[in-house]
Amino acid sequence: MTVSPMTTPSTMNEHSTPIEIDTDIGREIRTMSFTPNGEYLVGGGYNSVQVWKAKDGTQTTTITETGNVTCLAVSQDGTWIAGGRTSELGNVIVWDIETYEKVFTLGEESKIWSILGVDFSPDSSRLVTASSNSTATIWDVATRQRLQTLRHDHPVTAAKYSPQGDRIATATSASIQLWDSNGGNLLVDTPAWVTPVFNTGLLWFKNRLFAISNSTIKEFDIFSGSMVSERPVSASNHVSCIALPQHAEFIAYSTNDTVTFWDTSTHILLGLIQRQVQIDTIVFSPGDRSLAINEGRKITIINFKDVPPLPFVHINDTVLDSWKRDQLADTEASLTETISNPEYKSHHALANRALVRARLQLWDLATDDAEKSIDIRPSVVGCIAKSVALIGSGRKEDVHRVFDLAFRHCAAIDVDLLLLIKAVVLCMAGEHNYAVSRVSDLIATVRLNSIYCLVQAYMCLLLGNSYMERRDYEGAIQSFKRARAQMRNYVGPLLIFISLISGWKFDGLGLMIQQRLCEALYAAGCTKDAGESLLKLVDDFGEEVYRSGPTTDWVSDFTHRCLSVPERDVGTASKAIQHDNSPVTPNSPRPTPLLTVWTKVSLMGRSWEDALVTASGFISPRFTIYRAICEHLEATDRIGDATDCFQEMLRESAVETDVHDEQAEWALGAKWALYFRQLCAEKLEHLGDVAADSQEHDEAVAQYSTALSLNPLAPANIFIKRSKIYTAKGLWEDALKDATQVTTLNSLSPWGHEKVLMEWAKSKLADSSWKNTFMTAGGFELPRFTVYRALCDCLETLDRITDATESFHEMANELARQTNSEQALWIRDFKFRCRRKLEDLGDLAMRARQHDEAIARYSAALTLSPTNPQDLHVKRSKAHANMGMWKDALNDANEVITLDPSSPLGYERQHAALRVAGCYDDASHAFETMLFMMSQSPDPEIRERSRQYVNPAQTEATIRGAIENAILESPLVLIHTHTGRLLDKSGQSSSFESQPIFHELVSTMTTDIDRARIEQEVRRYYRYAMFSHKWEDNEPLFEKVIHMVVYDLEESTTHSKLQMFCKIVRDAGLHWAWSDTCCINKADPSVLQEALVSMFQWYQASAMTLVLLRDVLSPSGRGDLVKSIWNTRSWTFQEYHASKVVRFYNKDWTLYRNFDIPNHKESPDIISEMEEATGVSAHALMALRPGLEDIREKLRLASTRQTTRAEDAAYSLLGIFSLSLPVVYGEGDKALGRLLAQLLMSSGDTSILAWTGRSCGFNTCLPASIAVFSQLATSHIPLAIPGTDMEMMIARMQTPLLNPAFLMTLYDRLHELPIPLFVGKRMKLPCLVFKLGPTSVSRSRSERVFRAQTAALGIVEIKTEEDLSRMDSLYLVHPWIDFLLDRQPVGSVIETIPEGNTDDRFSSMAELPSLPGASNISSAAPQTRTARLASRLGLSFGGRTATRPQDTTSLQPPSTLAQTDKQMRAFQVIARLRRPFGALLLTPNLGSVAAYRRVASESLITVQVEEITPTILNKLVDSVRVLDVL
């Protein structure tokens, strides 16, 4: 094929002048895409996206600041433009296609990856991107969300959606992968290196993928991934882009400076477009109107129309269209006009005109044009034109010489194509056998040979026609069969070209071949084979055969000829049928397929009479012809013609004398005639149905009447339909006549005269009484009983039960002695139905809770003498019970038992009635009898029903389970207020079963266990009251009361106190009471331990707490509660706060200040007094909750309370803090030390260490008395620095003298400190340590003061009873690390720390060095302070997950902070160090290695870091320690 430069006037296909666009972005343009409507071309490159009009190249807009755009995609809905960018930005920008404004960006700008491909899904809802980070990402365009990430092993160079959108193809340097676009599943992975990047090397085509790989275009099957074909490209050519038009007839690809067009079916090279410079990308417009070629600094748009370039032919679209439509004269004129232009010297136009003139048989002119074309420039098309012209001139011998010249100018890849065209030309010259043989050689050597086979089929057709002309029918048959075998489905430019030069028409070629085969077989005398061939033609080309036209006429004529030939086998007809006078028996064959085809084509547009006339010469029996025509008319819904034809057949059979009796018998009454008659009747019936549905009653009656006239086999249904129409029209007499016919034909039919009578009654009763309706039936010739019966049935159907009963009784009175057995049966059934109706009405009333109406209905039903009245009695008993009429309900139940003693229903109703009466024992007996009767019943359904009832044992077990749950958290021992006995858990549990409510629950829950009610009743019963008071001498203890009744105790002040408490609780409706005097077995350590720990919860769960103010006399007044000794006791502190309901009583058991309200804690006066007594606001008091929050505030409140025993100061707070400690009476202040140590470890709240005074024996850092907590913690712990002050302080500190690195080192070390930990009595104390210099002492009358010098704190004054001058070394420590780090005290954040929630790794803390000197913050420390706090708070860093609702940013490890943020926090730490703080004084403990003790001071040691210098800062860094304190 000739390669033509695009820049010359001799352009490919001689299209209109190409549009050339000079771009603003020069060679940097990388990618192009047309908009969906084809009106605009979008191009992208470095820092710019430009848009041009496709029709003229006018630039419409430039989008700037885009970055380096490497790939583009335009959505199919015309909404978006997406551009992928390279490394420095690495994401996708989406612009609005109308406004060209940036709408959004997809991807992460922080990652420097290149986007190498973008593509929209066909519905434009999704976008896929290919990235150099080895991923392809699917995005939702509407939500901008990432839907799927498709991971690869290599950078992804391309990503394309399939045309259906269900798959995505991706390409890398190693493989092509196919993915499910919805689920993201990998479907196919096939090895292939896709060479180009930026989405230009991958292309979808139907169920194939084309890819550019190693200078080869490969085709892959998308299901298996296997390679189907490949087309090598010269290794020197760099394939940069591949494109496919919408018609998909060819593929275009660019190599260096050339665009190549390749036929997708035959893989034949179709044409080339050659440019002067390197081609980067190519793209087709929608509709394939244009091809855009990117040449670096220039874009060229070439216009195409409907088809790809034709091989060898170069012509403009208008002339080509004229040529293809065989408008040869117009085509010649157009070409002549082009050639007449003196400036136009194209050899293509002369060659084209030569071909057209050859088609017009202007041989000399054609030869002249072809020779001129060759003279201007030798070409393949010129040679072809000359060879065709020479054939027409009779110079066949010169054709081979001309084609030799053509082969010299033919590209190597087009040799096979030119050989095919040569064979076509020789075939045109009459060399059919030679041409067929040459094409066979080509078929054997060419892999994709569809077009070669198709051309050979046409040649075989021409060869067969030549045989037919010579009457060589056998040769013709073989040629036509060979032509049929070579048929292929192919449409392409090569076939068009062959049609243009030869005039061959390939449309309808298969039909033409089959027709000629039929004619050849017929001419050869093979009538049977001819008929079979015709049937195959009909099967293959039925749609065209039965379309009115020449083909239809030919089929009609040919079948007529086949059917009219005697002595020949007519298709598939029976060989027994030889003459038209052959006998026709009931076993006569059906119409042959050939006869059926003739019938179908003959009746198209003509009457059946004409078709019958044309069949007069057929050898088929007359009956068979009639049958074929009748069946076809019926099948095409020409039911009238079918009936007429059938009737004509019957008449002809009746009058012709030469028709055998058997044939007449067949036509008149044999199987087919009966069948066809029935078929026509059904058709008429259907037409009547259609008319009836359309409310065309007269038409329906006519159709039904006609159908009935055909005497169908089953006329009853038609009679029914016609009767219904008469009924709808109110023609009752006609309707009754048809209905009577129905009854006669089928006595079991649901439609008869009774049904019509029902319709009559329903119509008349709509606006008339039953008596007037009965009078209108006087004209009916029916018995009066029949009319009465219909009337009663209708009234019953209309639910007019009263009228139905009245008319029934009227009939019974009139015809009492005139009824027969059948009528008596109806009377029985009607009474039964009325009874059921009344029963149903009663049931309906019951559901509507209209019990009196239900009773009336059931009573009326009972008056109708039911055979089994038990059910009605049962229902009426239920209605009576619901109205509270338990006696009437019991009477009905007893009646049921009398009628059937074995039925459980009577006992069931008896149980319900007795339960209403409150007779629970009798009700239980009746219920047990009912269950027994059910179990013994022979009816399996009744036995099955027994399963719906609950066995009383199940209810009792449920109640006991509820009891266990109710008393589970209650005190171990309670006083039963009614009996005065102390009862443990077992006694408490069994006491409920003696209560009436227990029996009521068991007897009422028969079908379902109401667990909610059981739990409600049980919890109400087990509510208890608690006692709060000050202990006195001779209190009644457990050992004494356990053996007695509380109310029988000998008279004493304390016994009377307990008795009055129990009586008041009993009078309040509570069954249980608890007093700490007698309800705790203090002799049992485990019981005492549990009581002390659980007491807070017991008070909290109580129904109320009674407080006896023993020292408040009546009448009491305001302030008495404040002054009461009750308000000074430690135990009463938790008793008041835990209780939800509290009532205060004076000494004489009258209400305090006569406040007769349910809950004194809600009284404003009481609240005011409690505020005054505790010094805490009511809001704060109400906010106190058990647990580790507000630790310091709780300790302050407890510090004002007193205990008889020192240990109780700690034990009375166990419930407040939700802690558990072993109870060891006799250990003194060590109990308080153990409590505080547990608090400090569980919460990390170092405010516990903020006190002055005497140390306890447990640890010197803990106080001996809880009273020290009356001091404010803020006296030790500095106050927070306001924001503005902090900013000023940091600004003053930011000088060159302070090295930020040292600041952050200090910050890191503080963060690494663990929280305080106790190992036994030894405390691990994290702190800042300041060593004191030598001390001096000064004395006054009351105290002595020690003074010492420190490097960081200056001169320090210390007041203490101990002689500091005798101590070897002293240290001041700063333990308030939470303050320095601006962290919320842990105790105010954590709600509860469960027991055992400690890390075993802290056991190694004892091994850490703690002596002053080198820093003891080891990198091997088991857990930093931040991590420890985070663990307790439920937080996580470094992958551990948990969250808290509080702000925990201050707990972030320094490693997670930005450098500037960390530096700022370090400055804040230094600012806080400058604040005055209360220091702890420590000294090494004699006799213990690396251990210290706290030196108790009588007053606060307040110090502060005076100035932060580099030296001081270094000392501060070294002063971060974890000390062991004893």
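Residues numbered from 1 in each chain as written. Predicted model: local features only at pLDDT ≥ 70, side-chain atom pairs only at ≥ 80, totals over all residues. Heavy atoms only, no water.

**Student:** Lay out the pattern of salt bridges with the relevant residues and their values.
**Tutor:** Summed over all chains, the structure comprises 61 salt bridges. The closest approach of N and O atoms between Glu634 and Lys683, which form a salt bridge, is 3.8 Å. Of this pair, Glu634 sits in helix α18 (residues 622-635) while Lys683 is found in helix α21 (residues 671-693), placing the two residues 49 residues apart along the sequence. (Salt bridge = Lys/Arg side-chain N within 4 Å of Asp/Glu carboxyl O. Helix = DSSP H or I, 4+ residues; strand = E, 2+ residues; numbered from the N terminus.)

**Student:** Explain the packing of helix α3 (residues 347-359) against helix α4 (residues 363-376) to me, and be specific about the residues and the numbers.
**Tutor:** Taken N-terminus to C-terminus, the directions of α3 and α4 make an angle of 160 degrees; their axes are 8 Å apart at the nearest point. In this view, α3 runs roughly antiparallel relative to α4, as classed from their interaxial angle. In the crossing of α3 with α4, the sense of the turn from one axis to the other is left-handed. Along its contact with α3, which presents His347, Leu350, Ala351, Arg353, Ala354, Arg357 and Ala358, the element α4 presents Trp363, Leu365, Ala366, Asp369, Ala370, Lys372, Ser373 and Ile376. Classifying every residue of the contact of α3 with α4 gives nine nonpolar, two polar and four charged. (Axes fitted to C-alpha atoms, helices over the stretch in contact; angles between N-to-C directions. Parallel < 35°, antiparallel > 145°, perpendicular 65-115°, else oblique. Left-handed = near helix turned anticlockwise from the far one by under 90°. Contact = heavy atoms within 4.5 Å. Nonpolar A, V, L, I, M, F, W, Y, C, P; charged D, E, K, R; others polar.)

**Student:** For the layout of surface pockets, give the residues involved together with the corresponding values.
**Tutor:** The calculated volume of the largest pocket comes to roughly 1300 Å³. Lining the largest pocket are 43 residues, with Gln76, Asp119, Lys160, Leu203 and Leu244 positioned closest to its centre. For the lining of the largest pocket, the per-class residue count stands at 27 nonpolar, twelve polar and four charged. (1 Å grid on protein atoms, 1.4 Å probe; cavity = no way out; pocket = protein on both sides within 12 Å on 5 of 7 lines; lining within 4 Å. Points joined across faces, edges and corners; volume = space filled by probe spheres on them.)

**Student:** Please provide a residue-by-residue account of empty space enclosed by the protein, values included.
**Tutor:** Taken as a whole, this structure holds twelve cavities of 30 Å³ or more when the rule is applied. The computed volume of the largest cavity comes to approximately 70 Å³. Along its surface, the largest cavity is lined by Phe1096, Phe1133, His1137, Leu1184, Arg1185, Pro1186, Lys1194 and Ile1216. Considered class by class, the residues forming the lining of the largest cavity number five nonpolar, one polar and two charged.

**Student:** I'd like a description of helix α29 (residues 821-847), backed by residues and values.
**Tutor:** Residue pairs three or four apart in sequence face the same way in an α-helix, which turns once every 3.6 residues. Helix length check: α29 (27 residues) gives 39 Å between terminal C-alpha atoms against 39 Å at 1.5 Å per residue, within 8%. Looking at α29, one finds that the buried residues are Gln823, Trp826, Phe830, Cys834, Arg835, Leu838, Glu839, Gly842, Asp843, Ala845 and Met846. Buried positions along α29 lie against α27 (784-797), α28 (801-814), α30 (851-862) and α31 (870-882). Just past α29, the residue Arg849 takes up positive phi, approximately 60 degrees. (Expected span 1.5 Å × (residues − 1). Buried < 20%, exposed > 50% of the residue type's maximum accessible area, 1.4 Å probe, protein only.)

**Student:** Describe the sheet that holds strand β15 (residues 186-191), naming the residues involved and giving the relevant values.
**Tutor:** Strand order in the open sheet formed by four strands is β12-β13-β14-β15, and the pairing between neighbours is antiparallel. Two strands close off the open sheet at either side, each with one partner strand: β12 (156-161) and β15. Direction aside, the axes of adjacent strands within the sheet are offset by 15 degrees on average. Where strand β13 (residues 167-172) meets strand β14 (residues 175-180), five bridges bridge the pair, whose relative direction is antiparallel. Pairing of Thr170 across the sheet is with Gln177, part of β14. (Pairing = 2+ DSSP bridges.)

**Student:** So, the pairing of strand β5 (residues 80-85): which residues are in play, and what are the values?
**Tutor:** Of all the six residues making up β5, six are buried; the element is thus mostly covered by neighbouring parts of the structure. As defined by bridge partners, strand β4 (residues 59-74) adjoins β5 across five bridges and the pair is classed as antiparallel. Paired with Val69 across the bridge in β5 is Arg85. Here β4 folds back onto β5 in antiparallel fashion, the turn holding five residues, of which Gly78 has a positive phi close to 70 degrees. Bridging between β5 and strand β6 (residues 92-96) involves five bridges; their strand directions are antiparallel.

**Student:** Now, about the sheet that holds β5: what can you tell me, with residues and values included?
**Tutor:** Taken in spatial order, the six strands of this open sheet run β2-β3-β4-β5-β6-β7, and their pairing is antiparallel. Strand pairing shows two members of the sheet lacking a second neighbour, β2 (31-34) and β7 (102-106), which therefore form its edges. On average, each strand axis in the sheet is tilted by 35 degrees relative to the strand beside it, whichever way the strands run. Of the strand pairs in this sheet, strand β3 (residues 40-53) and β4 are connected by six bridges, and their pairing is antiparallel. Residue pairing for β4: Tyr46 is matched across the bridge by Asn68.

**Student:** Give a detailed account of the confidence of the model for the protein chain, specifying residues and quantitative values.
**Tutor:** For the protein chain, the mean per-residue pLDDT works out to 82, and 88% of the residues sit at or above 70. For the stretch residues 1-15, pLDDT sits under 50, and the model shows 56 contacts to residues farther than four places along the chain or on other chains. Every residue in residues 655-669 is under pLDDT 50, and counting partners more than four places away or in other chains gives 24 contacts. (pLDDT = per-residue confidence, 0-100.)

**Student:** Can you break down the packing of aromatic side chains residue by residue, with the values?
**Tutor:** Inspection of the entire model under this criterion finds 34 aromatic pairs. Each ring, one from Trp1126 and one from Phe1144, has its centre 5.5 Å from the other, and the planes form 85 degrees; the classification is edge-to-face. Highlighted residues: Trp1126 in the loop between α43 (1120-1123) and α44 (1130-1138) and Phe1144 in strand β32 (residues 1142-1145), separated in sequence by 18 residues. The exposure class of Trp1126 is buried, given its relative accessible area of 1%. Exposure remark for Phe1144: the relative accessible area of 0% places this residue in the buried category. (Phe/Tyr/Trp six-rings, centres within 6.5 Å; stacked < 30°, edge-to-face > 60°.)

**Student:** Explain the packing of helix α10 (residues 473-485) against helix α12 (residues 509-523) residue by residue, including any values.
**Tutor:** Relative to each other, α10 and α12 sit at 155 degrees, their axes nearing to 9 Å. Viewed along their axes, α10 and α12 adopt a mutual orientation that is roughly antiparallel. Remark: the crossing between α10 and α12 carries left-handed chirality. Residues Tyr473, Ala476, Ile477, Phe480, Lys481, Ala483 and Arg484 of α10 lie in contact with α12, whose contacting residues are Ile513, Gln514, Arg516, Leu517, Ala520, Leu521 and Ala523. Split into classes, the residues belonging to the contact of α10 with α12 amount to ten nonpolar, one polar and three charged.

**Student:** Give a description of the environment of Pro952 that names residues and reports values.
**Tutor:** Considering the arrangement of structural elements, one finds Pro952 in helix α36 (residues 952-967). Residues Pro952 and Met1005, spaced 53 residues apart in sequence, show a C-alpha to C-alpha distance of 8.0 Å. For Pro952, the contacting residues outside a window of four places in its chain are Phe927 and Val1002.

**Student:** For helix α16 (residues 593-602), give the residues involved together with the corresponding values.
**Tutor:** The buried fraction of α16 is high, at seven of ten residues. Restricting attention to buried positions, one finds in α16 the residues Leu594, Leu595, Val597, Trp598, Thr599, Val601 and Ser602. Packing partners of the buried residues in α16 comprise α13 (527-540), α15 (550-564), α17 (608-614) and α18.

**Student:** Describe the pairing of strand β19 (residues 227-232), listing the residues and the values that go with them.
**Tutor:** Bridge count for strand β18 (residues 216-221) against β19 is five bridges, and the pairing is antiparallel. Pairing of Ile217 across the sheet is with Arg231, part of β19. In textbook terms, the turn of a hairpin is the stretch between consecutive antiparallel strands, and for β18 and β19 this stretch comprises five residues, one of which, Gly225, has a positive phi near 80 degrees.

**Student:** Hey, could you go over the side chain of Thr1260 for me, with residue numbers and the actual values?
**Tutor:** Along the chain, Thr1260 turns up in the loop between α50 (1230-1243) and α51 (1283-1293). Side-chain polar atoms of Thr1260 contact the backbone nitrogen of Arg1494, separated by 2.7 Å. Side-chain polar atoms of Thr1260 contact the backbone oxygen of Leu1526, separated by 2.4 Å. Leaving out residues up to four positions away in the same chain, Thr1260 has contacts with Trp1251, Ser1255, Arg1493, Arg1494, Val1525 and Leu1526. (Polar contact = N/O pair within 3.5 Å; in protein donor to acceptor, adjacent residues only side chain to side chain.)

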